[in-house]
Amino acid sequence: MKAYYTYFKLKFITGLQYRSAAWAGISTQFFFGFVYIMVYIAFYESGGKNIPMTLSETITYLWLNQALLALVNQFTRDEELFKMVREGTISYELARPKNLYFMWFFKVLGQKLAAVTLRFFPLIIVTSLLPEPYGLGLPVSFIGFIVFLLSLTIGSLLVTALTVLYPIVTLATMSEKGIVNLMITIADILSGIVVPIPFFPLFLQKISSVLPFQYISDLPFRIYVGNIQINSCILPIIIQFIWLILLIVIGNLLMKKNLKRVVVQGG
Amino acid sequence: MKIYFKSLAMHLKGELEYRVNFILSFLSQILVFFTYYFIIIALFAKFDNIKGFTMYEVLLCFSIIQFGFSMNEVFARGVDRFDRLIIRGDFDRLLLRPRNIILQVLCSDGDFVKSARVIQAIIVMIVALLHLHIEWNIMRVITLLLMLLSACIIFFGIFLLAASYCFYTVQGLEVRNVFTDGGKHMAQYPIGVFSKGFVLFFTFIIPYAFVNYYPLLYFLGKKDTIIYGLSPLLVIIYLLPCIIVFHLGMKRYSSVGS
């Protein structure tokens, strides 16, 4: 366990060094946040039928999304892992006497947490000071906030498990272009980081509720804004937890299977 | 010009060497880009309109922007990835040749997988046009063509500006995404839906509004003045300072060595 923790800490501290990248990220996220919010405000002003979230709920959701984007997105792929698979340096990793899956898992977790630590505070502070209707709102209640934190924690582990899964799939397909990239794109949409899940067409909402992706960030964010009531969020959190366990198990099995026939290309 | 097309053909041949990979990437591009359109369609299922613009009007607007952006990704890849040229020191080689430097940068790279996006944009545009009941006349046709042209030019100008920045920092600029990707995301909606400050910035500093807002108003018959229809021509003027900035940057260039 201690080895994994050291691995995690190493990646976390390394990740904290990339401060100028973080500033660039923050400014981009501010801009995108504003654009999205203005689009939604324009939509809300024009009116519509059966709008699933109130404007202030939507805006808070969007800011949480931007502030935590580095943590909850799947599109920043771990290039290092893909490179290991592509160039065969994975053989060094295999020489180490530890479970490769968990080494990768804690490595990705460390990187994600470092990236979000750098970006999170400036965004949260500035956006909560913005005037109505642009600002980030308070959580629906104190209990709501606690449940949000719990659900977000499981969500972060879930997104880590998924991020590790993509290079493992690449072990079989050899190139991450094509299929794997396509998977990541679809997973990102279904996680609600592009449009919140309640805005999806009904049939897609149904499909997405049995898939793991919306449990990464859509669930915690909707608990925070109060779009999902506290007493009705127990079942989704259980599903969230089951998916986490399931994905870790799948990741481990798939890795064992794919490693059996791994071919190291040159050396 | 002949040189440019010849080098494009070479890049295309190069890519087609890996045929399966090319086809797969091509298909995945189409699916990936469907997601952008999906957002618009999903939101219009819940809302009636956005500041008076209907879904097909927004789709038309977006497909034009998408067309301009993707055309640049296919044909001006070298400018888009200019930081690579500088970092690898390949730019020095280009400087030694007795040809126009921007032309040479254009020749240095091409990405034909992205033509999937161009085709997709054209398809979406046709679908939107079919649903819009436009009273066609010669001026409207000219306006539409001007919009398409100016969409290509504006992104070329922005790519060029971002490329000039590499002369100073060597590394590519991440903030440039705000103006390319961010601008693209924003310009998928008619600029008029945004608040005043944004509209002013994107009229006078980066003239997206002349690509997809003022001409769009004329095209859809919301405004009758012909000036609106011809306003994309202003974007061509915008290209001049971009080229000048690029040449100024080049004077400051000192090689990174290789």
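Structure report, in brief. Keep in mind that this is a model prediction, so the values were computed, not measured.

1. Things to note about the interface of chain A and chain B
Buried accessible area, meaning the area lost when the parts come together, often serves as the stated size of an interface. If you look at the interface, chain A gives 37 residues, while chain B gives 30 residues. Here chain A meets chain B over a buried area of about 3000 Å², counting both sides, of which 76% is carbon and sulfur. When the buried surface of chain A facing chain B is broken down by residue, F31, M38 and F43 of chain A rank first, second and third, together holding 21% of it. Applying the counting rule to chain A against chain B returns one salt bridge. Salt-bridge contacts for K51 of chain B lead to E45 of chain A; the nearest nitrogen and oxygen are separated by 3.3 Å. Summed over the shared surface of chain A and chain B, the number is three residue pairs in polar contact (both at pLDDT 80 or more). Of all the secondary-structure elements, those providing two or more residues to the side of chain A that touches chain B are helix 2 (19-46), helix 9 (179-190) and helix 10 (202-210) of chain A. Ranked by residues supplied to the side of chain A that touches chain B, first place goes to helix 2 of chain A with 18 residues.

2. Side note on unusual backbone geometry
Residue and element names in this part refer to chain B. Look at K51: it is not a glycine, yet its phi comes out positive at around 50 degrees. The phi angle at H133 is positive, at roughly 50 degrees, despite the residue not being glycine. Mapped onto the secondary structure, H133 falls in the loop between helix 8 (115-131) and helix 9 (138-169).

3. Overview of the packing of helix 3 (residues 55-75) of chain B against helix 8 of chain B
Residues and elements named next belong to chain B. Viewed as axis vectors pointing N to C, helix 3 and helix 8 meet at an angle of 160 degrees, and their least axial separation amounts to 8 Å. Put simply, helix 3 runs roughly antiparallel to helix 8. The element helix 3 and its partner helix 8 pack so that their crossing is left-handed. Residues Y56, L59, L60, S63, I64, Q66, F67, S70, M71, E73 and V74 of helix 3 form the contact with helix 8, whose participating residues are S115, R117, V118, A121, I122, V124, M125, V127, A128, L129 and H131. In terms of residue class, the contact of helix 3 with helix 8 is built from 15 nonpolar, five polar and two charged.

4. Re the side chain of S63 of chain B
With respect to the secondary-structure elements, S63 of chain B resides in helix 3. Each residue touching S63 of chain B, except ones within four places of it in the same chain, is listed here: Y37, A121, V124 and M125 of chain B.

5. Some remarks on the packing of helix 9 of chain A against helix 2 (residues 19-46) of chain B
With their axes 10 Å apart at the nearest point, helix 9 of chain A and helix 2 of chain B run at an angle of 15 degrees to one another. Taken together, the axes of helix 9 of chain A and helix 2 of chain B are roughly parallel relative to one another. When you trace helix 9 of chain A past helix 2 of chain B, the crossing you get is left-handed. Touching L182, T185 and I189 of chain A of helix 9 of chain A are S28, L31, V32, T35 and F38 of chain B, all from helix 2 of chain B. Among the residues forming the contact of helix 9 of chain A with helix 2 of chain B, the class breakdown is five nonpolar, three polar and no charged.

6. Looking at helix 3 of chain B
Taking 1.5 Å of rise per residue, the 21 residues of helix 3 of chain B would be expected to cover 30 Å, and the 30 Å separating its terminal C-alpha atoms lies within 8% of that figure. Most of helix 3 of chain B is tucked away, with 18 of its 21 residues classed as buried.

7. Remarks on a nonpolar patch on the surface
All names here are of chain B. A cluster of nonpolar side chains, namely I138, I142, L149, I226, I227, L230, L233 and I236, defines an oily patch on the protein surface of about 700 Å² accessible area. If you trace the backbone, L149 turns up in helix 9. On the basis of relative accessible area, L149 is assigned to the partly exposed category, the value being 43%.

8. Quick look at the pattern of salt bridges
With the rule as written, the count across this model stands at six salt bridges over all chains. R222 of chain A is the partner of D218 of chain A in a salt bridge, and the nearest nitrogen-oxygen pair spans 2.5 Å. Of this pair, D218 of chain A and R222 of chain A both sit in helix 11 (residues 218-225), four residues apart, roughly one helical turn. As far as the burial class goes, D218 of chain A and R222 of chain A line up, both buried. Between E57 of chain B and K222 of chain B there is a salt bridge, with the nearest N and O atoms lying 3.5 Å from each other. Residue E57 of chain B is found in helix 3, and its partner K222 of chain B is found in the loop between helix 14 (214-219) and helix 15 (226-230); the two are separated by 165 residues along the sequence. A residue is classified by how much of its surface remains accessible, and E57 of chain B, at 10% relative accessible area, is buried. Classification of K222 of chain B as partly exposed rests on a relative accessible area of 36%. Among the ionic contacts, a cluster of salt bridges with common partners joins K11, E80 and K107 of chain A.

9. Structural notes on the packing of aromatic side chains
For the structure on display, the rule yields 39 aromatic pairs over all chains. Aromatic pair F31 of chain A and F198 of chain B: ring centres 6.0 Å apart, planes at 25 degrees, arrangement stacked. Placement of F31 of chain A in helix 2 and of F198 of chain B in helix 12 (residues 196-205) is noted, with the two residues assigned to different chains. Its relative accessible area of 12% is what places F31 of chain A among the buried residues. In this structure F198 of chain B comes out as buried when scored by relative accessible area, which is 18%. Arranged with centres 6.2 Å apart and planes meeting at 55 degrees, the rings of F34 of chain A and Y134 of chain A form a pair that is tilted.

How each quantity is defined
Residues numbered from 1 in each chain as written. Chains lettered and ligands numbered in written order. Predicted model: local features only at pLDDT ≥ 70, side-chain atom pairs only at ≥ 80, totals over all residues. Heavy atoms only, no water. Contact = heavy atoms within 4.5 Å. Buried area = accessible area lost by both parts, 1.4 Å probe. Salt bridge = Lys/Arg side-chain N within 4 Å of Asp/Glu carboxyl O. Polar contact = N/O pair within 3.5 Å; in protein donor to acceptor, adjacent residues only side chain to side chain. Helix = DSSP H or I, 4+ residues; strand = E, 2+ residues; numbered from the N terminus. Axes fitted to C-alpha atoms, helices over the stretch in contact; angles between N-to-C directions. Parallel < 35°, antiparallel > 145°, perpendicular 65-115°, else oblique. Left-handed = near helix turned anticlockwise from the far one by under 90°. Nonpolar A, V, L, I, M, F, W, Y, C, P; charged D, E, K, R; others polar. Expected span 1.5 Å × (residues − 1). Buried < 20%, exposed > 50% of the residue type's maximum accessible area, 1.4 Å probe, protein only. Patch = residues over 30% accessible without salt bridge, like charges linked within 9 Å, V, L, I, M, F, W, Y side chains within 5 Å. Areas by Shrake-Rupley, 256 points an atom, 1.4 Å probe, with all protein chains shown as cover. Phe/Tyr/Trp six-rings, centres within 6.5 Å; stacked < 30°, edge-to-face > 60°.

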